[in-house]
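Examining the three-dimensional arrangement
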Number of protein chains: 2
Amino acid sequence: MKNIPYRYYLPEEKMPKAWYNLRSAMPEKPDPLINPGTGQPVTADDLRPVFCDELIAQELDNDTPEFEIPKPILDMYRIYRPSPIVRAYRLEEALQTPAHIYYKFEGNNTSGSHKLNSALAQAYYAKAQGMKALTTETGAGQWGTALAEACAAFGLELTVYMVKGSYNQKPYRKDVIRTFGASVIASPSDTTQAGRAILEKDPNTTGSLGCAISEAVEKAVTTPDCRYVLGSVLNQVLLHQSVIGLESYEAMLAFDEYPDIIVGCAGGGSNLGGLIAPFMRDTLTGRREGTRYVAVEPASCPSLTRGQYAYDFCDTGKITPMAKMYTLGSGFIPSANHAGGLRYHGMSPLLSKLYHDGRMEAVSYEQTQVFDAAVQFARLETILPAPESAHAIRAAMDEAVRCRESGEAKTILFGLTGTGYFDMAAYASYLDKTMGDYVPRNDEILAR
Amino acid sequence: MKNIPYRYYLPEEKMPKAWYNLRSAMPEKPDPLINPGTGQPVTADDLRPVFCDELIAQELDNDTPEFEIPKPILDMYRIYRPSPIVRAYRLEEALQTPAHIYYKFEGNNTSGSHKLNSALAQAYYAKAQGMKALTTETGAGQWGTALAEACAAFGLELTVYMVKGSYNQKPYRKDVIRTFGASVIASPSDTTQAGRAILEKDPNTTGSLGCAISEAVEKAVTTPDCRYVLGSVLNQVLLHQSVIGLESYEAMLAFDEYPDIIVGCAGGGSNLGGLIAPFMRDTLTGRREGTRYVAVEPASCPSLTRGQYAYDFCDTGKITPMAKMYTLGSGFIPSANHAGGLRYHGMSPLLSKLYHDGRMEAVSYEQTQVFDAAVQFARLETILPAPESAHAIRAAMDEAVRCRESGEAKTILFGLTGTGYFDMAAYASYLDKTMGDYVPRNDEILAR
């Protein structure tokens with residue numbers, strides 16, 4: 001592809017028509033979700049009050065390689081997809097690296113991130129099953145925005161439990177969600193038993209994703225024709241996000257390149273799991289050797305690099321199934337000065353398994369290092385990255401610098417998951433040099 | 001193009017290599033800028049202390065049809081261009097219109113609008129001439145952000161005078177501009193004579209674009225190796241923005257369509273002037289008949305629909321040349337509740353001339369009507385539009401409804417100039433039903 005040196009958009013006819021299920025290529029599957037009541041793997045019936053039937057089927061299916069994308073979802077994808085793959089020439093030049101750096105940019109939609117890919121899928125299946133409403137949680141607000149867009153598109157009511165710290169720090173995020181017609185409640189709230197119990201223990205808590213999940217699940221199971229949806233962590237979400245990797249795979253073919261290193265930020269793991277899916281297939285099936293996969297996380301919320309690989313609850317209120325994953329403990333709350341997103345206490349069981357099996361690496365950074373990279377990237381590549389995405393930028397830049405030192409012209413692909421328009425308070429504190437770092441003590445990581 | 005029904009990106013090899021100068025096709029040219037000291041048309045020498053030489057040449061050249069885009073600018077364009085043309089199927093369906101509605105979306109870059117197209121050009125020419133710094137004004141902040149990005153790309157210092165009302169209402173905009181390395185000063189300020197004079201008259205003024213221009217020009221001419229740049233109104237800016245129209249023209253060919261109606265919001269006129277350029281060429285040269293061009297403006301800042309076609313100053317401090325344009329008077333300040341941007345007192349002389357000659361129509365809307373359209377569009381098409389852009393959405397929707405009534409399947413193209421991420425306070429006031437409208441009295445329109 002000599003004529004397309006900068007950014008590449010797949011032609012519409014090449015856009016993926018099916019999601020790819022990476023579990024189908026794994027010789028050992030991720031450990032199953034466990035019903036804490038029975039101690040047994042969850043069944044479809046266990047999950048039915050919480051999730052839609054089709055999504056449960058996707059969640060539990062470790063074998064089917066492809067799931068066809070229903071046409072109404074494809075029609076919505078076509079409004080904002082394909083997302084571009086961009087060759088970061090200016091970043092390469094600034095780093096004086098022989099590496100070829102590419103980024104897959106998922107920020108060109110109003111949700112500001114890749115989250116819309118799964119939101120549309122989950123809203124569609126709920127509508128198709130005759131549901132009238134959904135509930136969810138949101139932290140930084142990208143997932144809540146994405147789901148509000150999806151519910152507006154398919155005609156569903158939506159209640160979003162927003163982590164109270166974010167609700168207060170980022171009032172405009174709430175207004176975006178409201179613009180798409182959803183209701184937003186600061187969590188923990190007095191609208192659920194789970195919320196009231198958490199507030200009783202700690203009335204001044206700024207909340208956590210774990211708390212907000214407890215409330216959203218409770219609200220879903222106590223409301224008629226209502227289901228709960230989650231923006232990351234679950235197998236189904238990684239399945240939907242494979243659209244990122246599938247588009248990237250085609251684009252890299254068009255560039256006549258294959259990534260040596262794939263880098264992604266990892267909170268719950270949905271972006272990274274989606275980005276690596278078809279490449280990891282090549283690795284697991286032996287079609288390709290030597291590809292490195294790097295998960296990047298905040299030093300202040302280091303589930304892979306410092307968590308325990310164990311069964312844990314997905315929420316703080318302990319009303320969800322238990323997942324085998326790298327976890328900091330379901331009560332873990334990142335330090336108050338943490339501004340970079342990726343604040344979930346656990347990690348996708350699928351990615352946890354790959355990491356545990358040595359298929360993937362993980363690295364963590366303190367937030368000032370991350371914002372260093374964010375600002376440098378913005379000035380070079382014109383895009384204001386989300387702090388989450390800037391974790392991947394930081395690691396990709398460091399890999400590129402190592403290439404400079406070794407003289408190797410490696411191909412690096414990283415996921416630029418979103419934009420930082422609603423993170424300007426964090427950028428301002430970085431610019432004003434009032435941003436601090438925090439690395440949790442071992443005793444704060446509850447599961448240890 | 002049967003296979004590309006939703007969004008279309010020009011292949012990189014089809015991206016414009018030259019800007020198109022619409023003045024070259026005009027049988028009667030726009031009236032020249034006048035030097036208020038001499039009463040004569042401005043010369044290149046008059047402008048040299050303020051503008052860069054190459055930009056002056058572009059400003060004064062009514063005849064050359066094409067200006068080649070220098071390679072460093074093309075390289076930057078390739079990072080965020082081409083911008084997509086999207087067929088608004090869901091909007092068509094919701095309006096039950098036989099019309100085909102397309103929008104050219106310029107919001108997929110960090111500046112949040114089309115402004116980056118001219119910012120890169122102006123920064124490049126300044127750097128090429130050996131300048132070290134630039135100054136400018138910004139209202140809503142899109143232009144300031146765009147120029148900050150451009151100055152970061154080409155290595156120039158930048159001082160942005162930001163209208164005080166916006167500076168206080170939209171603190172995060174300032175932080176975006178700072179992220180790209182520029183300085184931001186609330187205008188009017190005590191850093192210039194012009195600012196001090198305005199403050200002396202009215203210490204509590206929230207400022208205006210006209211005030212901020214006075215300050216930025218003064219700062220430029222009193223600083224070594226520094227020039228002033230403007231984000232709209234001028235011929236040179238419309239020239240650079242022709243890239244919007246040229247891409248749109250190619251895309252419409254690929255869709256096998258030709259717009260019957262082209263709609264754009266109009267503040268200073270840069271987006272609309274750029275969007276219509278190659279189509280208006282067809283109209284003016286008789287290659288095509290019957291195309292309608294519709295400028296849309298706020299009822300609270302109605303330069304075309306209620307202003308006077310007369311020579312007026314481009315700034316409040318009356319230190320700029322005078323332009324023949326539709327104007328509300330250089331002292332005009334939109335009402336305090338005005339939230340929709342497009343707040344300049346005048347209109348591009350080029351567009352003013354076309355409007356005066358009956359080549360173009362103009363329509364105005366009150367802001368609640370505009371936000372009605374913005375929210376409806378967001379929920380259907382997933383994009384959160386800038387309030388500015390929503391003026392065009394409103395008018396395009398109304399044209400599409402007229403098509404429903406007449407049964408005509410017209411092709412409507414509108415410019416979706418940007419995103420509204422920094423306008424959430426305005427969206428919130430709309431959602432909370434606290435947003436009001438304001439139509440200025442005749443005696444507030446100073447030039448009448």
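This structure is a prediction, so every number in the text was calculated from the model and none was measured. (Residues numbered from 1 in each chain as written. Chains lettered and ligands numbered in written order. Predicted model: local features only at pLDDT ≥ 70, side-chain atom pairs only at ≥ 80, totals over all residues. Heavy atoms only, no water.)

Every contact between the two is made by 46 residues of chain B and, on the other side, 46 residues of chain A. For the pair chain B and chain A, the summed buried area comes to about 4,500 Å², and 60% of that belongs to carbon and sulfur atoms. The largest per-residue losses of area from chain B upon contact with chain A belong to B:I79, B:T382 and B:Y421, which jointly make up 16% of the total buried on that side. In this assembly, chain B and chain A are joined by 2 salt bridges. A:D432 is paired through a salt bridge with B:R178; the nearest N and O atoms lie 2.4 Å apart. In this assembly, chain B and chain A are joined by 10 residue pairs in polar contact (both at pLDDT 80 or more). Those elements giving two or more residues to the side of chain B that touches chain A turn out to be α3 (71–80), α6 (142–154), α8 (171–179), α15 (367–381) and α17 (424–431) of chain B. (Contact = heavy atoms within 4.5 Å. Buried area = accessible area lost by both parts, 1.4 Å probe. Salt bridge = Lys/Arg side-chain N within 4 Å of Asp/Glu carboxyl O. Polar contact = N/O pair within 3.5 Å; in protein donor to acceptor, adjacent residues only side chain to side chain. Helix = DSSP H or I, 4+ residues; strand = E, 2+ residues; numbered from the N terminus.)

Right, let's talk about the pairing of strand β10 (residues 261–265) of chain A for a bit. All names here are of chain A. Counting buried positions along β10 yields 5 of 5 residues, so the element is predominantly enclosed. Relative to strand β11 (residues 292–298), β10 is paired through 5 bridges, and the arrangement is parallel. Note on β11: the bridge partner recorded for C265 is V296. As for the winding sense of the linkage, the β-α-β connection from β10 through helix α12 (residues 270–284) to β11 is right-handed. As judged from the 3 bridges shared by β10 and strand β15 (residues 411–416), these two strands associate in the parallel manner. Following the sheet pairing, I262 is matched in β15 by L413. (Buried < 20%, exposed > 50% of the residue type's maximum accessible area, 1.4 Å probe, protein only. Pairing = 2+ DSSP bridges. Right-handed = clockwise from strand over helix to strand, strands pointing away.)

All right, on to unusual backbone geometry then. Each neighbour pair has its own omega, and for A:S187 with A:P188 the value is 5°, a cis peptide bond. By the secondary structure assignment, A:P188 is in the loop between β8 (183–187) and α9 (193–201). A positive phi angle, near 60°, is found at A:K318, a position not held by glycine. For A:K318, the location among the structural elements is in the loop between β12 (308–313) and β13 (322–327). We note that B:K433 has phi near 60°; this positive angle belongs to a residue other than glycine.

Let us look at the layout of surface pockets. Think of a ball as big as a water molecule: rolled over the atoms, this probe shows where empty space is left. Residues and elements named next belong to chain A. Taken as a whole, the largest pocket holds about 570 Å³ of empty space. What lines the largest pocket is a set of 37 residues, and nearest its centre among them are Q169, A336, H338, A339 and R343. Secondary-structure elements contributing two or more residues to the lining of the largest pocket are α7 (164–169), α8 (171–179) and α17 (424–431). For the lining of the largest pocket, the element with the most residues is α17, which contributes 4 residues. (1 Å grid on protein atoms, 1.4 Å probe; cavity = no way out; pocket = protein on both sides within 12 Å on 5 of 7 lines; lining within 4 Å. Points joined across faces, edges and corners; volume = space filled by probe spheres on them.)

The next point concerns the relation of the copies chain B and chain A. Aligned on chain A, chain B shows an RMSD of 0.0 Å; the corresponding rotation is 180° and the shift along the axis is 0.0 Å. One copy is carried onto the other by what is essentially a two-fold rotation axis. Of the C-alpha atoms belonging to chain B, the one lying closest to the rotation axis is found on B:N108, 2.9 Å away. Looking at the interface residues of chain B, 100% of them are also at the interface in chain A, so both copies use one shared face. (Least-squares fit on C-alpha atoms with pLDDT ≥ 70 in both.)

Attention shifts here to the nonpolar core. Residues A:W19, A:Y103, A:F414, B:W19, B:Y103 and B:F414 are the most contacted members of the largest nonpolar core, which totals 246 residues. Here this core takes 10 residues from helix α11 (residues 235–255) of chain B, the largest share from any one element. Discounting residues that sit within four places of it in the chain, A:F414 has contacts with A:I101, A:Y102, A:Y103, A:K104, A:V263, A:L275, A:F377, A:A392, A:I393 and A:A396. (Core = buried A, V, L, I, M, F, W, Y, C linked by side-chain atoms within 4.5 Å.)

What follows deals with the packing of aromatic side chains. The geometry of an aromatic ring pair comes down to the distance between the two centres and the angle between the two planes. The full count for this structure, using the stated rule, is 37 aromatic pairs over all chains. Consider the rings of A:Y249 and A:F279, whose centres lie 5.2 Å apart with planes at 50°: the pair is tilted. In this pair, A:Y249 is assigned in helix α11 (residues 235–254) and A:F279 in helix α12, connecting sequence segments 30 residues apart. Residues B:F377 and B:F414 carry aromatic rings whose centres are separated by 6.2 Å and whose planes lie at 75° to one another, so their mutual orientation is edge-to-face. Note that B:F377 is positioned in helix α15 and B:F414 in strand β15 (residues 411–416), a separation of 37 residues in sequence. In terms of burial, B:F377 and B:F414 fall into one category: buried. Here the aromatic cluster, defined as three or more aromatic residues joined through ring pairs, consists of A:Y421, A:F422, B:Y421 and B:F422. The ring of A:Y167 carries the charged tip of A:K174 above its face, separated from the ring centre by 5.5 Å. Taking NZ or CZ as reference, B:R281 lies 5.1 Å from the ring centre of B:Y20, over its face. (Phe/Tyr/Trp six-rings, centres within 6.5 Å; stacked < 30°, edge-to-face > 60°. Lys NZ or Arg CZ within 6 Å of the ring centre and 35° of its normal.)

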